[in-house]
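What the coordinates show
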Amino acid sequence: MSQMLALVIVVLILLIGDWVAVRTKAWVPSIFISAVLFLIGYWTFFPKEIVSVAGIPPVVATMLMYLLITNMGTLLSLKELKEQWKTIVIALSGILGIIALLFGIGTFIYGFETIVVAIPPLVGGVVSALIMSEGAKEAGLASLSVFAIVIYVMQGFAGYPLTSIMLKKEGKRLLTQYRQGDMAVKGQPEAAAEVSASVESAKPELKLFKRLPDKYNTEYFKFFRLALVAFLAYLVSTLLAPIVSISPFVLCLLFGIIAKSIGFLEKQVLQKANAFGFALMGLMLFVFDGLKQATPSMMLEIIYPLVGTIVIGVIGMYIFSFIAGKILKVSKEMAFAVSLTALYGFPADYIITNEVIKSLTNDEKEKEMLTSRMLPPMLVGGFITVTIVSVLLAGIFVKFL
């Protein structure tokens, strides 16, 4: 298959997912449709390396992830990050719910080793899945080694539609309050995280470059500053490695927030460099590239424990996040949506939230209000669960095999 044909096919799949999301007003998320189509493609005529052939090999996807996550940091402020302590508690409660129900119920149904292998990938991303897969392989558990990868690949099929439903309910509740005059746009315009750069009419405030003529703030200068901040995050993560293991992607988010706060980066710098759409497309293709490992025979072999562990885990997540939300006075819909980020993380949390907001209103002020209320907790929840906690759990659980 030629590179351009591969590119046309994979982008067409993303387009179909987008159209379905628009047509169904985000009740069916684009990520869900795209994932199904990629799975069908891999089971029929797709070459296994179609994403790499199209031009997005893993090394490019990693670069895009560094840039995108740093860019996400510019959507938040230090004040907002402090305000997200409730989000962190709820996200951790959801994970605790998964662990409690799977060990309490799942162990008797599927066995201790299956549950140990299942939990870290279920609450995390590819790193925790790989840790458990390798651990199971070394322990001579071949089927569980495959199970760890497949549960990571398939958990989004439960998470995507559930998240969309929860966010739509939460968004409608917020819109009702806003239209009745019971709510103001939170932190205008500081906390607003609109996706469309065209909405923002205020001039970006670069405190450290206020004497720099606008003509020198070119796309390459924006890229350079963004890449520099991402590199510093990577460097600090590397330097801290002998003492404490902190994901460079977590630091990218934090460094993006700091760089925006001190005036080194403007808000939504990647959008202003006219590169956000391409970067997001490349990263999403890399995410769907993971589906190539889920063959039909593999799915049939592990379908029973796969479905069972996901269902039990999601029930536990809902119960514990509901209790935490009740105590912290957060709506059950938002609490459950934050917990569900454990099933997919970034960039799916960003895309689903944005799709839901677009489906609920065409008014820019209302979009600003919804984005400021819904996007920060979804982003923070995703990073807490997928990027931090899941890797820590994998490091602990792999010792039980």
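Residues numbered from 1 in each chain as written. Predicted model: local features only at pLDDT ≥ 70, side-chain atom pairs only at ≥ 80, totals over all residues. Heavy atoms only, no water.

You'll find the chain entered in an unreviewed UniProt entry as Membrane protein, with Neobacillus vireti LMG 21834 given as the organism.

Thoughts on the packing of aromatic side chains
Applying the stated criterion across every chain yields a total of 13 aromatic pairs. Ring geometry for Phe45 and Phe46: centres 5.0 Å apart, planes at 85°, overall edge-to-face. Since its relative accessible area comes to 54%, Phe45 is described here as exposed. Phe46 sits in the buried class, given a relative accessible area of 8%. Here the aromatic rings of Tyr66 and Tyr234 are separated by 6.4 Å at their centres, their planes lie at 85°, and the arrangement is edge-to-face. Remark: Tyr234 occurs in helix H11 (residues 219-240) and Tyr66 occurs in helix H4 (residues 58-73); sequence separation between them is 168 residues. The exposure class assigned to Tyr234 is partly exposed, which follows from its relative accessible area of 39%. (Phe/Tyr/Trp six-rings, centres within 6.5 Å; stacked < 30°, edge-to-face > 60°. Buried < 20%, exposed > 50% of the residue type's maximum accessible area, 1.4 Å probe, protein only. Helix = DSSP H or I, 4+ residues; strand = E, 2+ residues; numbered from the N terminus.)

Observations regarding the layout of surface pockets
To find leftover empty space, a probe the size of one water molecule is rolled over the atoms. Each pocket or cavity is described by its volume, and for the second largest pocket that value is around 700 Å³. In terms of lining, the second largest pocket is formed by 25 residues, of which the most central are Asp18, Ile351, Asn354, Glu355 and Lys358. Elements with a minimum of two residues in the lining of the second largest pocket: helix H1 (3-23), helix H2 (30-43), helix H14 (276-289) and helix H17 (348-360). Each residue belonging to the lining of the second largest pocket can be placed in one class, and the counts come to 15 nonpolar, six polar and four charged. (1 Å grid on protein atoms, 1.4 Å probe; cavity = no way out; pocket = protein on both sides within 12 Å on 5 of 7 lines; lining within 4 Å. Points joined across faces, edges and corners; volume = space filled by probe spheres on them. Nonpolar A, V, L, I, M, F, W, Y, C, P; charged D, E, K, R; others polar.)

Section: the packing of H2 against helix H10 (residues 156-179)
Interhelical geometry of H2 versus H10 gives an angle of 155° and a closest axis separation of 9 Å. Classified by the angle between their axes, H2 and H10 sit roughly antiparallel to one another. The handedness of the crossing between H2 and H10 is left-handed. Mapping the contact onto sequence places Ile31, Phe32, Ala35, Val36 and Leu39 in H2 and Phe157, Tyr160 and Pro161 in H10. Residues that form the contact of H2 with H10 fall into these classes: eight nonpolar, no polar and no charged. (Axes fitted to C-alpha atoms, helices over the stretch in contact; angles between N-to-C directions. Parallel < 35°, antiparallel > 145°, perpendicular 65-115°, else oblique. Left-handed = near helix turned anticlockwise from the far one by under 90°. Contact = heavy atoms within 4.5 Å.)

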